[in-house]
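# Structural overview
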Amino acid sequence: QVQLVESGGGSVQPGGSLRLSCAASGSIFSIGSMGWYRQAPGKQRELVAAAPSGGLTNYADSVKGRFTISRDNAKNTVYLQMNSLKPEDTAVYYCNAEIQPRRWDGIYAYWGQGTQVTVSS
């Protein structure tokens, strides 16, 4: 079984910073793209940032210049450094990864359990 475990959410004042982590564990043959999504109350889930394996990272326009995605392939972990946080960044943040569990498997999308980020004064 494959699991994505997130950590690092919390409450912060506007202008503050948080760093989210997401570690993939279990039966993993290969990992493709890893990324972060978020869902605010009453809104659809949206892509925040993505880090394809060996490719260029991409960001939602609303977070460009403030958020940075990175990954440690040796640890099967993806990070999201969030700076200059705004109240509109408040949401549940979900980790996503495209994983091939075993050599003979297909590639499947896996999700973390979500971590709350609240930006408020």
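Scroll up to find the structure this text is about.
Please read all numbers here as calculations on a predicted model, not as lab measurements.

### Examining the pattern of salt bridges
Two side chains carrying opposite charge are able to pair once their charged atoms lie near each other. One pass over the full model with this rule turns up five salt bridges. Ionic pairing is found between Lys 64 and Asp 61, a salt bridge with its closest N-O pair at 3.1 Å. Classification of Asp 61 by relative accessible area gives exposed; the value is 66%. Bridged by salt links that share partners, the residues Arg 38, Glu 46, Arg 66 and Asp 89 form one connected network.

### Observations concerning the sheet that holds strand 3 (residues 18-26)
Read from one edge of the open sheet, four strands run 1-3-8-7, paired in antiparallel fashion. Single-partner strands in this sheet number two, and they are strand 1 (2-7) and strand 7 (67-72). For this sheet, the mean inter-axis angle between neighbouring strands, taken without regard to orientation, is 15°. Two elements, strand 3 and strand 8 (residues 77-82), share six bridges in a ladder whose sense is antiparallel. Opposite Ser 21, over in strand 8, you have Tyr 79 as the bridge partner.

Here is what the cut-offs are and how they apply
- Residues numbered from 1 in each chain as written.
- Predicted model: local features only at pLDDT ≥ 70, side-chain atom pairs only at ≥ 80, totals over all residues.
- Heavy atoms only, no water.
- Salt bridge = Lys/Arg side-chain N within 4 Å of Asp/Glu carboxyl O.
- Buried < 20%, exposed > 50% of the residue type's maximum accessible area, 1.4 Å probe, protein only.
- Pairing = 2+ DSSP bridges.
- Helix = DSSP H or I, 4+ residues; strand = E, 2+ residues; numbered from the N terminus.
- Axes fitted to C-alpha atoms, helices over the stretch in contact; angles between N-to-C directions.

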